[in-house]
Amino acid sequence: MLLYTYYEKVSFIFDIFYNNFIAIYRRGRKYNKRASWLTKSQLERDANINSIRNTLYSQNVDKYSKKEFRTTYKDYLKDKNAKKHYVQILSGVKHTDTEELAGFFTLKDKILYAYAIQYKNNPKTVYYYDTLGNLRYVDKLSDNYPNYPYYSHQYYANGKLVSSIYFSAYDTQYMYKNGKFIGVWFKDTMFNSKAKKIMTRTNY
């Protein structure tokens, strides 16, 4: 129970690092065109936010029962290669013949507390595990991935929706939680609906 509570607290951190996990997988492509969030009028920004929200939540994406969700992902509830992945990530391995790997470390002590796996034969799903190999989150990417624009929905292992991200370009992601707009990332900076800077990231 304590572990689950801890993951509740870091769920938004997962959203931030997830952007970079996908960006790493797509490394090598350059995108010069991006929306000018700072120069849009408030009406334009609000219209943009609502349009993307309608795209993200038009298909009842939060209507999964725990039984249905865990049945769908029954083969991934436990990482059968958790020890191997643990060692690989601590050794700095990010790519294998069959997987893309990403580790998540505490900022102060650099202790690994979770990791993500994206299988190359099924890249539209990303699985997040704790260090014991227990599934904690699942990211489902839209069918048009990896072509922009695409989007993702992140779920707890019990099927409850955590958050949603709309990727309009390589360096631009719109973040929503429970249908509420959180902000838009432009490279290393997040802006809110009023075009005010609210967060930065160092791992872009």
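Chains are numbered independently. Their residues run from 1 in the order of the written sequence. Confidence filtering applies because this is a predicted model: local features only for residues at pLDDT of at least 70, side-chain atom pairs given and counted only at 80 or more, and all residues used for totals across whole chains, interfaces and linings. The basis for every side-chain value is the complete set of heavy atoms in the structure, and neither hydrogens nor water enter the calculation.

### Concerning the sheet that holds strand β3 (residues 125–130)
- The rule for pairing is simple: two strands pair if DSSP sees at least two bridges between them. A run of DSSP states H or I qualifies as a helix once it reaches four residues; a run of E qualifies as a strand once it reaches two. Both are numbered from the N-terminal end. Pairing within the open sheet is antiparallel, and its ten strands lie in the order β1-β2-β3-β4-β5-β6-β7-β8-β9-β10. Each having just a single partner strand, β1 (99–105) and β10 (197–200) make up the two edges of the open sheet. On average, each strand axis in the sheet is tilted by 20° relative to the strand beside it, whichever way the strands run.
- As judged from the six bridges shared by strand β7 (residues 172–177) and strand β8 (residues 180–186), these two strands associate in the antiparallel manner. When the bridges of β8 are listed, Lys177 appears paired with Lys180.
- Contact criterion: two residues are considered in contact whenever any of their non-hydrogen atoms come within 4.5 Å of each other. Axis lines are fitted through C-alpha atoms, for helices just across the contact stretch, and the angle between N-to-C directions can take any value from 0 to 180 degrees. In the packing of helix α2 (residues 42–56) onto the sheet, the strands contacted are β5 (150–156), β6 (161–169), β7 and β8, and the crossing angle to β7 comes to about 70°.

### Considerations on the confidence of the model for the protein chain
- Here the protein chain averages 84 in pLDDT, and 81% of its residues register 70 or above.
- The quantity called pLDDT is the predictor's confidence in a given residue, expressed from 0 to 100. Here residues 1–12 is modelled with pLDDT under 50, and outside its nearest four sequence neighbours on either side it reaches 24 contacts, counting other chains as well.
- In this model, residues 27–34 is a region of pLDDT below 50 whose contacts with residues beyond four sequence positions or in other chains number eleven contacts.

### Section: the layout of surface pockets
- Only protein atoms enter the 1 Å grid used here, on which a cavity is any set of points holding a 1.4 Å probe that cannot leave and a pocket is any open set flanked by protein within 12 Å on both sides along at least five of seven lines; residues with an atom within 4 Å of a point are listed as lining. Grid points are joined across faces, edges and corners, and a volume is the space filled by probe spheres set on the points. Here the second largest pocket is characterised by a volume of approximately 240 Å³.
- Forming the boundary of the second largest pocket are 14 residues, of which Gln59, Val61, Ser142, Tyr151 and His153 lie nearest the centre.
- When contributions to the lining of the second largest pocket are tallied by element, the ones reaching two or more residues are α2, β4 (135–141) and β5.
- Sort the elements by how many residues they give to the lining of the second largest pocket and β5 lands first, with three residues.

### A look at the nonpolar core
- Joining through side-chain atoms within 4.5 Å is the link that ties buried Ala, Val, Leu, Ile, Met, Phe, Trp, Tyr and Cys residues into a set, and such a set is a nonpolar core. Residue burial is assigned from relative accessible area. The probe radius is 1.4 Å, only protein chains are included, and a residue is buried under 20% of its type maximum, exposed over 50%, and partly exposed in between. In this structure, Phe104, Ala116, Tyr128 and Tyr150 are the most contacted members of the largest nonpolar core, which totals 20 residues.
- Taken together, the elements giving at least two residues each to this core come down to β1, β2 (112–119), β3, β4, β5 and β6.
- Among the nonpolar cores identified, the runner-up in size contains 17 residues, and Phe69, Ala82, Ile117 and Leu135 belong to it.

### Focus on the pattern of salt bridges
- One side-chain nitrogen of Lys or Arg within 4 Å of one carboxyl oxygen of Asp or Glu is enough to make a salt bridge. Using the criterion set out here, one finds three salt bridges in the structure.
- For Lys74, the salt bridge is made with Asp75, and the minimal N-O distance between the two is 3.7 Å.
- Given a relative accessible area of 52%, Lys74 falls into the exposed group.
- As a salt-bridge pair, Asp130 and Arg136 come within 3.1 Å of each other at their nearest N and O atoms. The exposure classification of Asp130 matches that of Arg136, with both residues buried.

### Side note on a nonpolar patch on the surface
- A contiguous nonpolar surface patch, about 340 Å² in accessible area, is contributed by Tyr86, Val87, Leu90 and Phe105.
- The biggest single contributor to the nonpolar patch is helix α4 (residues 82–90), with three residues.
- As for its position among the elements, Leu90 is in helix α4.
- The class for Leu90 is partly exposed, based on a relative accessible area of 47%. Exposure above 30% relative accessible area and no salt bridge define the residues that can form patches, which grow by joining like charges within 9 Å and nonpolar side chains of Val, Leu, Ile, Met, Phe, Trp and Tyr within 5 Å. Where accessible areas are quoted, they stem from the Shrake-Rupley method and a 1.4 Å probe; at the residue level, only the protein chains shown are allowed to cover.

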